[in-house]
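Read off the chains here:
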Amino acid sequence: MMRLIKMELYRLIHTVSTRVMIVVAAGVAVLMSFVLSVDLETMEEELRASGQETGIESQEPAESFASGFSDGWASVGEESAEEGFTWGITASVDESQIGSDIGMGDILMSELGGCLLVVFVAIFVPLFVNAEQKRGYIKNIAGQIPRREMLALSKLPAVAVQVFFLFTAYSIASLVSSAIFFRGRLALDFTGALFRTLCMQYVLHAAWGCLIALLTIVTRSTAFAMTTGILLASGLVEMLMIYLNRVIHVLLPSSEQFNLMHYTLNYAVEAMTAQSTMRQIGGFLTLALIYIAASAVIAGIVYRKRDVR
């Protein structure tokens, strides 16, 4: 098993798509920081034009996703969920940041919570997982190992490392570019809560990578896994959950507080913030481990039952 994992890691490090992934992630992080800085300057100019002073706190509290994976299963935007769903990848600055210092961690958390990296994982994981199918050498290896499910299980640690490369490249580029574009206003707020949030976000993204790897293994199609992952990350899953929730609430009137969105990785990525409690973090960690374990078991069964080609 360790030899298979080393083989996958070697393939990951020496593949061209890994280098492309790191460059693209860093480039997009710089672009996002620039866009956020422009948005903030535009908001400040609009306030000046309307005769208002900057630095005034918003009258309405900023929307927070920290309410609960475990605390009563509070839903994200329940009122708007009845009317529709949010389509696309979002990241925005808070109005309270106008005319005041901006926490470096707040910018990074805003971008990570917008599920932008989730899309990158959905793009690059299938390229890595399915590359060996195109070259055909996996068939020769399958005849030399006692249990073929090990071929599937060895891919998941490599996927976790791939997500780590992506996550690290994006985070570093975002922090460095934020220091440039928000110069003079950026506050260094590296705290234990921020470090804990980053670690948990990585675990959630790694679980998402395992799920995408499973789709690639089951379908043997890079295009299908990539397209499905992008659609799910862009809001399709939210649309489906809204209607499924309505059906469940009609069939089981006593389940009004039940929401399928709380069992999705998209929700966990959005809900995980520096303000999340330890109880909520425990719920997100449990959810991520369930997805990882389920992906490993199903992928192993698929490889064991079918012919390797």
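Here, the structure is the one placed above.
S.K.: Just checking my understanding: could you explain the packing of helix α1 (residues 2–14) against helix α9 (residues 155–181) for this structure?
M.R.: Working note: a packed helix pair is described by the angle between its axes plus the distance between those axes. One way to put it is that α1 packs onto α9 with a least axis distance of 8 Å and a crossing angle of 35 degrees. The two elements α1 and α9 cross, and the hand of that crossing is right-handed. Contacts between α1 and α9 involve Ile5, Glu8, Leu9 and Leu12 from the former and Lys155, Pro157, Ala158, Val161, Gln162 and Phe165 from the latter. In terms of residue class, the contact of α1 with α9 is built from seven nonpolar, one polar and two charged.

S.K.: Would you explain the packing of α9 against helix α10 (residues 192–219) in this entry?
M.R.: Between α9 and α10, the least distance of the axes is 9 Å, while the angle of their chain directions is 130 degrees. It follows from the interaxial angle that α9 and α10 lie oblique. Relative to α10, the crossing made by α9 is right-handed. Taken together, the residues of α10 that come into contact with α9 (itself represented by Lys155, Leu156, Val159, Ala160, Val161, Val163, Phe164 and Phe167) are Leu198, Gln201, Tyr202, His205, Ala206, Gly209, Cys210, Ala213 and Ile217. Classifying every residue of the contact of α9 with α10 by side-chain character gives 13 nonpolar, three polar and one charged.

S.K.: Teacher, can you tell me more about the packing of aromatic side chains here?
M.R.: Geometry of an aromatic ring pair is reported as the spacing of the ring centres plus the angle between the planes. Within the structure shown, the criterion is met by three aromatic pairs. Plain terms: the ring middles of Phe167 and Tyr202 are 6.1 Å apart, the flat faces sit at 70 degrees to each other, and that makes the pair edge-to-face. Of this pair, Phe167 sits in helix α9 while Tyr202 sits in helix α10, and the two are 35 residues apart along the sequence. Given the relative accessible area of 21%, Tyr202 is considered partly exposed. Members of the aromatic cluster, connected to one another through ring pairs, are Phe164, Phe167 and Tyr202. Between the NZ or CZ atom of Arg11 and the centre of the ring of Phe128, over which it lies, the distance is 4.2 Å.

S.K.: Help me out: how do you make sense of unusual backbone geometry in this one?
M.R.: Peptide bonds are trans in most cases, and residues, glycine excluded, mostly fall at negative phi. The phi dihedral of Arg220 falls on the positive side, at around 60 degrees, and the residue is not glycine. Position of Arg220 among the secondary structure elements: in the loop between α10 and α11 (222–251).

Conventions and cut-offs
Residues numbered from 1 in each chain as written. Predicted model: local features only at pLDDT ≥ 70, side-chain atom pairs only at ≥ 80, totals over all residues. Heavy atoms only, no water. Axes fitted to C-alpha atoms, helices over the stretch in contact; angles between N-to-C directions. Helix = DSSP H or I, 4+ residues; strand = E, 2+ residues; numbered from the N terminus. Left-handed = near helix turned anticlockwise from the far one by under 90°. Contact = heavy atoms within 4.5 Å. Nonpolar A, V, L, I, M, F, W, Y, C, P; charged D, E, K, R; others polar. Parallel < 35°, antiparallel > 145°, perpendicular 65-115°, else oblique. Phe/Tyr/Trp six-rings, centres within 6.5 Å; stacked < 30°, edge-to-face > 60°. Buried < 20%, exposed > 50% of the residue type's maximum accessible area, 1.4 Å probe, protein only. Lys NZ or Arg CZ within 6 Å of the ring centre and 35° of its normal.

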